[in-house]
Structures are given as structure tokens and as C-alpha cells.
Amino acid sequence: MPEISNRGKQMPESPIRKLAPFAEMAKKKGHKVYHLNIGQPDIKSPEAAIKAIKNIELTIIEYGPSAGYESYRKKLAQFYTNQDVKVSFEDIMITTGGSEALLFALGSIMDQGDEIIIPEPFYANYSAFSAESGATVVPVNSVFESGFTLPPIEEFEKLITPKTKAILICNPSNPTGYLYSESEILQLGRLAKQYDLFLIADEVYREFIYDEDIHYSVMNLEGLEQNVIMIDSVSKRYSMCGARIGCMVTKNKEVISAAMKFAQARLCPPTIEQIACEAAIDTPKSYFVEVISEYKERRDTLISELNKIEGVIVTKPKAAFYCIAQLPVDNTDDFAQWLLESYDLNGETVMVAPAAGFYSTPGMGLNQVRIAYVLKKEDLISAVRILKEAIPVYNSTRLKKLIEVE
């Protein structure tokens with residue numbers, strides 16, 4: 001029997017999706033599953049996008065340009081300019097989701113064995129994208145106790161070698177909900193300039209900022225036009241995860257030119273979805289005011305409820321719609337599976353994302369979970385109540401098993 005590749009064997013599983021079969025089994029038993037594991041908003045997509053899809057009059061759904069429709073790119077450039085991120089449509093490449101944008105960026109700048117420094121915990125697929133690109137992830141640890149602030153720049157410097165090619169951040173952060181300050185971004189910019197590195201920022205959650213904090217984009221770093229690459233997506237901004245439209249933004253023409261080769265190889269991003277996304281840019285500001293207000297209430301509800309559980313420690317996120325919670329259990333991978341496979345409270349259970357999968361360093365995050373507060377407040381309260389009841393039952397079950405083994 002022929003063997004699969006080592007690359008295929010080494011591709012990491014998604015900590016977000018690997019428990020999906022157990023969730024399906026729970027549902028087949030008749031259990032309701034509260035999905036706190038994935039960032040799928042329940043907010044309605046903008047009316048303008050839905051109308052644009054309904055009113056399409058195309059007779060042929062044909063190939064589009066590899067870089068995306070110029071009309072959409074121009075409108076997107078104006079959207080960023082209105083947010084004080086001054087770019088031209090020529091600096092933008094439309095991609096099939098933010099994931100492809102990052103793949104194109106890494107493919108354009110990384111060679112086999114090159115290293116990329118990423119503060120951990122980080123979005124789990126960064127490991128997969130790096131593996132696909134032949135790059136080696138070099139983690140620098142963000143501390144739970146500090147709320148996952150940027151690690152000291154000295155810690156980054158210790159990790160820089162002749163193979164280091166880039167630094168990658170997610171701002172605001174998935175999975176922590178941390179928002180990097182202007183000062184922290186400026187520090188990273190100086191480091192990238194000093195060591196002639198690329199600085200890639202995944203900014204897909206840029207709209208979801210709470211408590212009057214301000215998002216500072218890497219595109220605003222002066223004198224680093226050739227170093228900076230921004231990744232963006234409509235998935236969260238407009239609650240259009242299934243549209244799979246993102247973009248790569250950079251003023252580095254060599255990077256754009258290299259990425260175009262990857263874009264041409266996959267022909268073009270989806271046609272109909274680009275039409276919807278172009279229309280979505282006309283969404284009124286009131287949409288975001290309402291959405292952000294709703295997420296802020298959900299965040300506050302979730303944090304308040306989690307703080308009522310003995311032994312649970314949680315950081316209060318400044319942005320996005322995720323938080324990392326530390327639970328009084330030894331292994332959240334096992335706990336998360338047990339919740340779906342063996343536990344229910346009045347026919348209901350919860351699905352969480354074990355946080356170990358968001359770390360690159362072995363042994364980190366074993367007692368942590370990522371929780372996405374994308375459900376309505378009533379559901380968040382119910383889900384946390386289930387966690388509160390489940391934890392002592394799980395620990396008791398584990399203790400009994402240990403005693404039996406001994």
C-alpha cells in the first residue's frame with residue numbers, strides 16, 4: 001500500500017474541529033450542544049450583501065481576475081482609507097478567505113526551513129499554514145497571568161537566527177481576545193526594521209474593540225512599507241464566514257508579484273461572494289454599533305458567569321469574541337471529549353476548544369480552553385451553568401478511575 005507524505009502525517013489537527021464527531025454523536029443522542037468552540041457568529045449578515053446575492057443577474061458565472069475584481073479592490077481601498085489605513089487597490093489581493101491570504105503571504109516570503117516567530121497561544125491554523133509553507137514556527141510565550149500582553153521584545157530577540165524571516169501576530173487576538181497597544185506594535189515595527197524581517201498582522205477582528213480601546217494597524221507603521229503584510233477577511237466583520245473572501249494587503253510590490261503566481265495557480269477567488277462583499281462595504285455604521293454593543297454584553301455576561309465557578313480563572317478580553325479560561329481540571333482535551341461523549345445536564349452539554357492546540361510548546365495550555373462568546377446571552381448563561389455542574393462530576397470520575405488503576 002502506498003504511503004502518504006511526511007508532510008501529510010505532520011499536519012496538525014484543528015483543536016477547534018477535531019471534536020466535531022463527538023458533538024455529532026451527542027446530537028444523535030438527542031442532546032442539545034452549546035457550541036462555544038468555534039467563532040461562528042449568530043449575528044445576521046448585512047442586508048446589502050444578502051440583497052446583492054438575490055439580485056444577481058449573471059447568465060454565466062465566469063472566471064474573475066486572479067487578484068479579485070478591481071471594483072471590489074478599489075472600494076475596499078477606500079474602506080481602509082476611511083479607517084486611516086491609506087492603501088491603493090493595487091496593494092490589495094482578494095483571496096479565498098483570510099486563510100488563503102496568509103498561505104499566499106507565507107508562500108511568497110518563506111523558504112523550506114525558514115523560521116517564523118509567533119506569540120503563543122495563537123490561532124491553531126497558523127501551525128498548519130506554516131507546515132504547508134515549509135516554515136518552522138518558533139513560539140514566544142505570552143503569559144496568562146498578564147492577560148496575554150506582548151512578550152518583552154528581548155524575548156523575541158533571543159529567538160532571532162539567520163533563518164528567521166518573519167514575525168506573525170493576530171491583532172486583536174484569536175484565541176485570547178487581547179488587543180495590542182500602539183506602543184507594542186511600534187516595538188514590533190522597530191524590531192522588524194532592525195533585523196530586516198517581515199511583520200505579518202492578521203487583523204480580521206479589527207472592528208470588534210470594546211471599552212473605548214483603539215486598534216492600531218501595522219499598515220500605519222512609518223518606514224516599514226516593505227516589511228509589513230496585513231491579512232483581513234469579511235468572515236467576522238460582516239458575519240459572512242461561509243463567503244470565504246479575504247485579502248492580503250501590502251505595499252511591497254515584490255510580495256504582491258510573488259503572491260500573484262499563487263493566485264493564478266488557483267485561478268480566481270469566488271465570483272458571487274465578491275459581489276456580496278462589495279455590496280457589504282455599504283453597510284451603515286449603525287450595524288457595527290449594534291453588533292459591538294451586543295458582543296460587549298455577551299463578553300461581560302460570560303466573564304461574570306465564569307467567575308462564579310470555583311477554581312476557574314479567566315482573562316477579560318479587550319477585543320474579538322474569544323477568551324481563554326483556566327479550568328480546575330488536569331487535561332481539557334479529555335474533559336472536552338468527556339463533555340460530549342459522557343455528560344449532559346437535562347439533555348444539554350457544551351463544546352469547548354481545548355487550548356493546548358493553540359500553543360506550539362508541548363505541555364502548555366493543558367488546563368485551559370478557548371471560549372467563543374458568539375451565542376446569545378441566555379445560551380451563554382446556560383452553557384456556563386453546565387460547565388459549573390460538569391467540572392466536579394468529571395474530577396470525581398477521574399479520581400475513581402485513578403483509584404481503580406492503583
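Parameters at a glance
Residues numbered from 1 in each chain as written. Predicted model: local features only at pLDDT ≥ 70, side-chain atom pairs only at ≥ 80, totals over all residues. Heavy atoms only, no water. Axes fitted to C-alpha atoms, helices over the stretch in contact; angles between N-to-C directions. Helix = DSSP H or I, 4+ residues; strand = E, 2+ residues; numbered from the N terminus. Parallel < 35°, antiparallel > 145°, perpendicular 65-115°, else oblique. Left-handed = near helix turned anticlockwise from the far one by under 90°. Contact = heavy atoms within 4.5 Å. Nonpolar A, V, L, I, M, F, W, Y, C, P; charged D, E, K, R; others polar. Pairing = 2+ DSSP bridges. Buried < 20%, exposed > 50% of the residue type's maximum accessible area, 1.4 Å probe, protein only. Phe/Tyr/Trp six-rings, centres within 6.5 Å; stacked < 30°, edge-to-face > 60°. Lys NZ or Arg CZ within 6 Å of the ring centre and 35° of its normal. 1 Å grid on protein atoms, 1.4 Å probe; cavity = no way out; pocket = protein on both sides within 12 Å on 5 of 7 lines; lining within 4 Å. Points joined across faces, edges and corners; volume = space filled by probe spheres on them.

Attention now moves to the packing of helix α5 (residues 97-109) against helix α6 (residues 125-132). One way to put it is that α5 packs onto α6 with a least axis distance of 9 Å and a crossing angle of 40°. When the axes of α5 and α6 are compared, the pair comes out oblique. By crossing handedness, the relation of α5 to α6 is classed as right-handed. Contact residues: α5 offers S99, L102, L103 and L106, while α6 offers Y126, F129, S130 and E132. Of the residues in the contact of α5 with α6, the class split is 5 nonpolar, 2 polar and 1 charged.

One open sheet accounts for 4 strands, arranged β9-β10-β13-β12; its pairing is antiparallel. At either end of the open sheet lies a strand with only one pairing partner, and these are β9 (313-314) and β12 (353-354). Bridge analysis of β12 against strand β13 (residues 368-372) gives 2 bridges, and the strand direction is antiparallel. Its bridge partner being in β13, P354 is matched across the sheet by V369. Each of β9, β10 (322-326) and β13 touches helix α11 (residues 285-306); the most contacted strand, β10, lies at about 5° to it.

By the alternation rule, side chains of strand β8 (residues 246-249) split into G246 and M248 and C247 and V249, which are all buried. Pairing of strand β2 (residues 92-95) with β8 involves 4 bridges; the strand directions are antiparallel. Bridge assignment links I94 to a residue of β8, and that residue is C247. Both strand β7 (residues 228-233) and β8 contribute to a ladder of 4 bridges, which runs antiparallel. Note that in β8 the partner of D232 across the bridge is C247.

Right, let's get into the packing of aromatic side chains. Evaluated as defined, the whole model comprises 18 aromatic pairs. Between the aromatic rings of Y178 and Y180, the centroid separation amounts to 5.3 Å while the plane-to-plane angle is 80°, which identifies the pairing as edge-to-face. Look at Y178 and you get buried, because its relative accessible area is 8%. Joined through ring pairs, the aromatic side chains of Y205, F208, Y295, F321 and Y322 make up one cluster. Just above the ring of F89 sits the side chain of K74; from NZ or CZ to the centre is 5.1 Å.

In this approach a probe as big as a water molecule rolls over the atoms, and the regions it shows empty are the leftover space. Evaluated as defined, the whole model comprises 3 cavities of 30 Å³ or more. Taken as a whole, the largest cavity encloses approximately 100 Å³ of empty space. Contributing elements (two or more residues each) for the lining of the largest cavity: β3 (115-120) and β5 (164-170). It is β3 that contributes the most residues to the lining of the largest cavity, 3 residues altogether. Broken down by class, the residue content of the lining of the largest cavity amounts to 11 nonpolar, 4 polar and 1 charged. Space inside the second largest cavity adds up to approximately 50 Å³. Around the second largest cavity, the lining residues are V218, M219, L221, L224, E225, V228 and K251. When grouped by side-chain class, the residues that make up the lining of the second largest cavity number 5 nonpolar, no polar and 2 charged.

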